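Fold and geometry: a report
Here's the letter readout for the chains.
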Amino acid sequence: SELSRRLQGRLHDIGMNLATHATRKSPSNPNEPSTYTAASRQILELMSRYIRLFNLLTYASFTRSHRPILTPRGMRRLVERGLMTPEERDVLVDAAIPATQRQSAILMWMIQLFVEGRASGHILGGSGFEQQTMEKFHVIRAQYGAIGDELQGRMPLAYAHIVQVLVDLI
C-alpha cells in the first residue's frame, strides 16, 4: 500500500542521513575512498539492526500471519537470528506496553541512538540536519499509526462530525 511505501521511504531516509553524516577517516592514499570510524560504523550497524527489527515488529502487529513473531517463542527466535540481543528482548517483553506496540520502543531506541551519536560527535551535521532527521522519525511514527488506522477501517473524523450534525438536526 501507499502508506507502507511511505513508511519504508522514511526508514531509508534515516539510514541515508546517518550514513552520509557519520564520521569517516581519510585514507593515506588519496585515490582510495574514506572509511567510517569504528564508532560511527558501530552506530550505523546498530541503527540498521533497529530498522529491521522495527519493520518486523510493525508488520507483525498488523498481520495475523506474522503475529507469532510477537509470542515468547517468536521473540526468542529474533534473538537467535541476531535481530535483537537477549537484553533488548527482556526490555521489550517486560515493558508495560502491549505486544502490538513494541515497535514504539524500537523507534525510541532509534531516536536515542541518533541523539547520542550526534552528542558524541560520531554523527556530524548542523541543527538543520538534526531537525530534519528528527522530523523523519516523527513521520515514521505517524505512518505506522496511519497503517493501523487504515487496517482497522476507521472512518475519518470529519465524517463522524457531519453525521453528528445531521443527527442533531433531525
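Throughout what follows, the structure given in this document is the object of discussion. Predicted model only: the values in this text are computed from it and were never measured.

Side note on the overall build of the protein chain
Helix and strand counts for the protein chain stand at seven helices and two strands. Reading the helices (α) and strands (β) of the protein chain from amino to carboxyl end gives α-β-β-α-α-α-α-α-α. Restricting the contact set of the protein chain to residue pairs at least 6 apart, pairs at least 24 apart contribute 62%. Of the roughly 10500 Å² that the protein chain leaves accessible, carbon and sulfur atoms contribute 57%.

Side note on the pattern of salt bridges
Enumeration over the complete set of coordinates arrives at seven salt bridges. Among the ionic pairs, R41 bridges to E45, the shortest N-O distance being 3.8 Å. Taken as a pair, R41 and E45 lie in helix α2 (residues 38-62) at a separation of four residues, close to a single helical turn. Among the residues examined, R41 registers a relative accessible area of 40% and is labelled partly exposed.

Topic: the packing of aromatic side chains
A complete count under the given rule lists four aromatic pairs for this structure. Measuring from centroid to centroid gives 5.8 Å for F114 and F129, while their planes differ by 70 degrees, and the two rings are edge-to-face. Linking F114 in helix α5 (residues 102-119) with F129 in helix α6 (residues 127-152), this pair joins segments that are 15 residues apart in sequence. Residue F129 is classed as buried on the basis of its relative accessible area of 8%. Ring pairs connect the aromatic residues F114, F129 and F137, which therefore count as one cluster. Stacked on the ring of Y36, the Lys or Arg R24 has its end atom at 4.4 Å from the ring centre.

Structural notes on the nonpolar core
Within the largest apolar cluster, 35 residues are counted, with the highest numbers of intra-cluster contacts made by M47, F54, L57, I106 and M110. At the level of secondary structure, the elements contributing two or more residues to this core comprise α1 (2-21), α2, α3 (72-80), α5 and α6. Counting residues per element, this core draws most heavily on α2, which supplies 10 residues. Ignoring anything within four residues of it in the chain, the contact list for I106 reads Y50, L53, F54, L57 and L92.

Digging into helix α4 (residues 86-94)
Residues lying three or four places apart along an α-helix face the same way, a consequence of the helix completing one turn every 3.6 residues. E88, R89 and L92 are the residues of α4 that are buried. For α4, the angular spread of the buried residues around the axis is 100 degrees, confining them to a single face. Facing away from the buried surface of α4 by more than 90 degrees, the exposed residues are E87 and D94. Looking at the buried positions of α4, the neighbouring elements they touch are α2, α3 and α5.

Things to note about the packing of α3 against α4
The interhelical angle for the contact between α3 and α4, taken along N-to-C directions, is 155 degrees, at an axis separation of 9 Å. Relative to α4, the element α3 lies roughly antiparallel. Considering how the two elements wind past one another, α3 and α4 form a crossing that is right-handed. On α4, the residues touching M75, R76 and V79 of α3 are P86, R89, L92 and V93. Counted by class, the contact of α3 with α4 contains five nonpolar, no polar and two charged residues.

What to know about the side chain of S40
When you line up the elements, S40 lands in helix α2. In this structure S40 comes out as buried when scored by relative accessible area, which is 0%. A polar side-chain atom of S40 sits 3.0 Å from a polar atom in the side chain of T37. Ignoring sequence-local partners within four residues, the contact set of S40 consists of A22, T23 and H122.

Reading the values: rules and limits
Residues numbered from 1 in each chain as written. Predicted model: local features only at pLDDT ≥ 70, side-chain atom pairs only at ≥ 80, totals over all residues. Heavy atoms only, no water. Helix = DSSP H or I, 4+ residues; strand = E, 2+ residues; numbered from the N terminus. Contact = heavy atoms within 4.5 Å. Areas by Shrake-Rupley, 256 points an atom, 1.4 Å probe, with all protein chains shown as cover. Salt bridge = Lys/Arg side-chain N within 4 Å of Asp/Glu carboxyl O. Buried < 20%, exposed > 50% of the residue type's maximum accessible area, 1.4 Å probe, protein only. Phe/Tyr/Trp six-rings, centres within 6.5 Å; stacked < 30°, edge-to-face > 60°. Lys NZ or Arg CZ within 6 Å of the ring centre and 35° of its normal. Core = buried A, V, L, I, M, F, W, Y, C linked by side-chain atoms within 4.5 Å. Arc of directions from axis to C-beta. Axes fitted to C-alpha atoms, helices over the stretch in contact; angles between N-to-C directions. Parallel < 35°, antiparallel > 145°, perpendicular 65-115°, else oblique. Left-handed = near helix turned anticlockwise from the far one by under 90°. Nonpolar A, V, L, I, M, F, W, Y, C, P; charged D, E, K, R; others polar. Polar contact = N/O pair within 3.5 Å; in protein donor to acceptor, adjacent residues only side chain to side chain.

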